[in-house]
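# Structural description and commentary
The residues making up each chain are set out below.
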Amino acid sequence: MNAKSDNVVWHHATVTRARRAAMNGHRSGVVWFTGLSGAGKSTLAHAVEESLHRHGCRTFVFDGDNVRHGLCSDLGFSVADRTENIRRIGEMTKLFTEAGVIALTAFISPLRADRERVRQLVGDDFVEVYVKCPLAVCEARDVKGMYAKARQGLIKEFTGISSPYEEPERPELVVDTSVTELDAAVAQVVDLLAARGLVPA
Ligand SMILES: Nc1ncnc2c1ncn2[C@@H]1O[C@H](COP(=O)(O)OP(=O)(O)OP(=O)(O)O)[C@@H](O)[C@H]1O
Ligand SMILES: [Mg+2]
C-alpha cells in the first residue's frame, strides 16, 4: 500500500521474474558494494559488470554521482538525505531485479541501518560486498581530490573525515583493495554470484 493513498493497487504482471530468469539464463539480484570514497567500489562494480556482460548476463551499475545528478538531485549529504538517497536506490534496484537484471551499486552507503533496510527490501538476492581499504590508502589515492578538500574543511560531512562510516557486520564478501588486485577481486565477486546460483558457474 502507498503511504499517502489507499487507492494505489499493485497490478500483477504475467511476465514474471521467474520467466525472465528462464529467458535470460540467470537469476537477478542486487550486488551492493559499500566502502569509503576511493576504496574502489565504482572500479570493481564496473569490472564485475564487464565480466558478467561478456558472459551474456543482463546487468546495470548504479553509481553514486550519476544517481545524484538525476533521481536524487534534490538530496544533499545530511544523515536524513543520505538515508533517503539509499532508500530510493534500494527501491530502484528492487525494480531492476523484478526486470530480471543483476543490479550492481557503487555507493559509499555509510550507514548500516540504511543498507539493512535495502537488504530487507530485496530479500535473499541481496549480496553485500564490503570494499575495504584503509582510510590512509583511500586518501593517498584521492581519485577525485575530495580528501584534500575535506581536510581543508571545504567539504562538510565527508565520510571517513567528518562523517562516520559503519563497517558491515556480516557482508557476503569482503575485498581489501589495498592488498587484492582488481582481477582477483572481480573473480571473487563473480565466484560468489555463481556459488549463490545467481549466474551459471
Ligand atoms: N583492487 C582494486 N580494486 C579497485 N580499485 C583499485 C584497486 N586497486 C587500486 N584501485 C584504484 O583505487 C581507485 C578507486 O577509485 P573508485 O573511483 O573506484 O572508488 P570509489 O569507491 O568508487 O569512490 P567514490 O565513493 O568516491 O566514488 C581507482 O583509482 C582504482 O584504480
Ligand atoms: Mg565511485
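Notes on the structure follow. (Residues numbered from 1 in each chain as written. Chains lettered and ligands numbered in written order. Predicted model: local features only at pLDDT ≥ 70, side-chain atom pairs only at ≥ 80, totals over all residues.)

### Thoughts on the pairing of strand E1 (residues 29–34)
- Among the six residues that make up E1, six are buried, leaving the element largely enclosed by the rest of the structure.
- The side-chain alternation of E1 yields two buried faces, one formed by Gly 29, Val 31 and Phe 33 and the other by Val 30, Trp 32 and Thr 34.
- In this sheet, strand E3 (residues 102–106) lies alongside E1 in parallel orientation, the contact comprising five bridges. The residue of E3 that forms the bridge with Val 30 is Ala 103.
- Summarising the sheet, E1 and strand E4 (residues 126–132) pair through five bridges and their orientation is parallel. (Buried ≥ 20, exposed ≤ 12 C-beta atoms within 10 Å, placed from the backbone. Helix = DSSP H or I, 4+ residues; strand = E, 2+ residues; numbered from the N terminus. Pairing = 2+ DSSP bridges.)

### What to know about helix H4 (residues 79–98)
- For H4, built from 20 residues, the straight-helix expectation of 28 Å at 1.5 Å per residue is met to within 8% by its first-to-last C-alpha distance of 29 Å.
- Those residues of H4 not exposed but buried are Arg 82, Asn 85, Ile 86, Ile 89, Gly 90, Thr 93, Phe 96 and Thr 97. One side of H4 carries all its buried residues, which in axial view fall inside an arc of 135°. Residues of H4 that are exposed and point over 90 degrees away from its buried face: Ala 80 and Leu 95.
- Buried residues belonging to H4 abut E1, strand E2 (59–63), helix H3 (64–69), E3 and helix H5 (112–122).
- The first or second residue beyond H4 is Gly 100, which carries a positive phi of 90°. (Expected span 1.5 Å × (residues − 1). Arc of directions from axis to C-beta. Contact = placed C-beta atoms within 7 Å.)

### So, unusual backbone geometry
- For Ser 109, which is not glycine, the phi dihedral falls at a positive 40°.
- Note that Ser 109 resides in the loop between E3 and H5.
- Its identity as a non-glycine residue notwithstanding, Asp 142 has a phi of 30°, on the positive side.
- Mapping Asp 142 onto the fold places it in the loop between helix H6 (135–141) and helix H7 (146–151).
- Among the residues examined, Asp 142 registers 15 C-beta atoms within 10 Å and is labelled partly exposed.

So yeah, pure geometry; function would need other evidence.
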